[in-house]
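Structure at a glance
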Amino acid sequence: MTSEDLFSPKDSALRKAACLALSLLEDGGFEAYFVGGFIRDTLLNRPINDADLTTNAPYESMVRLFENAGYTVHRTGEKHGTVTVVVEGFPLEITRYRADGAYEDHRHPTQVTFVSTLEEDLARRDFTINAMAYNPRIGALVDYHNGANDLRRGIIRCVGDPRQRFQEDALRILRALRFASQLNFTLEPETGLAIHESVELLCSVSAERLYSEFTKLLCGQNPFPILMEYSDVVFQLIPELKESWKFDQMTPYHKYDVYEHIAHTVENVPATPLCRWIALMHDAGKPAHFTRDEKGVGHFKRHAITSELLARQVAERFKMPRDFTEDLLLIVRRHDDVVEETPRAVKRMLFKLGGRPDLFEVLCDMKRADTLSQADRCLPRLEMVEHLRAIAADVLKEDEAFSLKQLDLSGEDLIALGLKPGPQFSQLLNAALEAVIDEACPNEKEALISYLGLKQ
Ligand code: ATP
Ligand code: MG
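As the structure is a computational prediction, the values presented were derived from the model and not from experiment.

Criteria and thresholds
Residue numbers restart at each chain and count upward from 1, following the sequence in its written direction. The lettering of chains begins at A and the numbering of ligands begins at 1, in the order of writing. Per-residue local features of the predicted model are confined to residues with pLDDT of at least 70, and side-chain atom pairs are confined, for both listing and counting, to 80 or more; whole-chain, interface and lining totals are unaffected and use all residues. To obtain the side-chain values, all non-hydrogen atoms of the structure were used and water was disregarded. Remark: nonpolar core denotes a set of buried residues (Ala, Val, Leu, Ile, Met, Phe, Trp, Tyr, Cys) joined through side-chain atoms within 4.5 Å. Whether a residue is buried, partly exposed or exposed follows from its accessible area with a 1.4 Å probe, protein chains only, as a fraction of its type maximum: under 20%, in between, or over 50%, in that order. Labels follow the DSSP assignment, with helices taken as runs of H or I lasting at least four residues and strands as runs of E lasting at least two, numbered in each case from the N terminus. Should any heavy atoms of two residues lie within 4.5 Å, those residues are counted as being in contact. Proximity is defined per residue: any heavy atom of the residue falling within 4 Å of a molecule or strand makes that residue near it. Whenever a nitrogen or oxygen atom comes within 3.5 Å of another N or O atom, the pair is scored as a polar contact, on the condition that within protein one atom can donate a hydrogen and the other can accept it, and that pairs from neighbouring residues in sequence are kept only if both atoms are in side chains. Computed with the Shrake-Rupley method and a 1.4 Å probe, the accessible areas treat only the protein chains shown as cover for residues. In this description, a disulfide is simply a cysteine sulfur pair whose atoms lie within 2.5 Å. For Phe, Tyr and Trp, rings pair up if their centres lie within 6.5 Å, where Trp contributes its six-membered ring, and each pair is then called stacked (planes under 30 degrees apart), edge-to-face (over 60) or tilted (otherwise). Only when the NZ atom of a Lys or the CZ atom of an Arg is both within 6 Å of the ring centre and within 35 degrees of the ring normal do we say a charge sits over the ring.

Considering the nonpolar core
Grouped together as the largest cluster of nonpolar side chains are 111 residues, with contacts concentrated most on F214, I238, W277, L280 and M281. For this core, the element with the most residues is helix 8 (residues 171–183), which contributes eight residues. Apart from the residues within four sequence positions on either side, F214 is in contact with L174, L227, V234, L237, I238, W277 and L280. Core analysis: the second largest hydrophobic core is formed by 18 residues, L417, V436, I449 and L452 among them.

A word on the site of ligand 1
Taken together, 17 residues lie around ligand 1, and R40, N130, D169, R172 and R178 are the ones closest in. The backbone of N130 places a nitrogen or oxygen atom 3.0 Å from an oxygen atom of ligand 1. Here R175 contributes a side-chain N or O atom positioned 3.2 Å from an oxygen atom of ligand 1. For ligand 1, whose unbound accessible area comes to 590 Å², protein coverage reaches 86%. Elements represented by at least two residues in the shell around ligand 1 include exactly helix 3 (37–43) and helix 8. The element that contributes the greatest number of residues to the shell around ligand 1 is helix 8, accounting for four residues.

Here's the deal with the state of the cysteines
Evaluation of the coordinates by the stated rule reveals zero disulfides. We note that C158 lacks a disulfide partner, and the nearest cysteine sulfur, in C203, lies 19 Å from it.

A look at the packing of aromatic side chains
The tally for this structure, following the rule as stated, stands at 13 aromatic pairs. Taking the centre distance of 6.1 Å and the plane angle of 80 degrees together, the rings of F127 and F179 count as edge-to-face. With F127 in the loop between helix 5 (118–123) and strand 8 (133–134) and F179 in helix 8, the pair connects residues that are 52 residues apart, well separated along the chain. On the numbers, 6.0 Å between centres and 35 degrees between planes, the contact of Y211 with W277 is tilted. Placement of the pair is Y211 in helix 10 (residues 207–218) and W277 in helix 14 (residues 273–281), with a sequence separation of 66 residues. Take Y211 and W277: they sit in the same class, and that class is buried. Across the ring face of F318, the terminal group of R317 is positioned such that the distance to the ring centre comes to 5.9 Å. The cationic tip of R377 hangs over the ring face of Y253; the distance from NZ or CZ to the ring centre is 5.5 Å.

Next up, the structure:
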């Protein structure tokens, strides 16, 4: 591999900044290499998100070198030999060659030994595809673990003994699966086997680390086979889904059992954390609501209520951000609501979604994916979903009211009418909005006041 192969036409501002940092270290008399995702994604021709560098420079020398050159330096991980240097606006992580002992619950290993060779540093890295290094001046890929070969063949393989590597840091289990999902790779059989054998170790990893890696897994291009083949990992993190496994729906509207339907739905929604988490949790409540009618056909009436409850439990356990959690629960609760193909029904749903057109889009994405993951006879419903989107677009274009802030009547107007602020304010305003949505009253202050029976 030559420097041309790695650094020419796709050169980017981030790559240039990383090259600058690398030159500075070398000019200071040290070794320096690009490593990790930077090399992996470059070889795969994928966009680069961040740049990781590794060097034999001692910590203080690194800090001095960059400070003297006028760059901002953050001592982000002194104990672990990591500095973050801001070059041309890009924060670059530079880590001194090190070997790791066991990991604690958080991002970093408990014991760190600084080592003198790149070879030792690469041996501590998780997967062969992440254990390659490259220096554009030397121009050759350093690849002691045949990472380039695994990259070509689409294989995730631990560096060294997979059982031991998962013992050291169980988060690697999820990292293996998330790279497989993101890159559409498969697990090398020993690595895959070791994952199944090590699942319980995941309980020692912090909620924040699990949430971050699992969300990346969900948002990969290929989560379906991973969710199916490594359902034991999924259930370790989310026991709320266990009941869905092989749960026969016994209805002509579904060709998959509940869990397989969920996994298909995940793959069929857009790859955003919100959509993917909604899809994962939307039917978790189904097993608890299963009934069969006199013909033996299965039903799951009001299952969304239990799905929401289970999703709340999961959100709390993973300490998901508050706004994210609220949006997740709202759409899980509403995912199965019937929305008629009329402006009135669409506006009613917009109102229930807090007046948020973005959430209405998410609801439509969810309904579309849900349909695609049911029996083929349901496919005509796809047209209905697109019709709902078109109706919503019209409602927005015409600026029709579906939220309290669009209503031509406010709390202040009620005060001006001599009413005392209290819970009845929101009842009155909601009743006025419903009347406007139902076209029982125009969205005009005076009309609304008389509709509510309030004197001027
Ligand atoms: P991305 O940046 O796309 O998430 P990445 O591979 O760069 O992918 P980082 O978390 O940035 O992932 O880590 C950088 C490198 O550090 C990895 O490529 C790998 O070599 C090493 N690494 C990260 N986490 C671990 C870990 N838990 N165990 C061993 N090595 C790790
Ligand atoms: Mg990275």
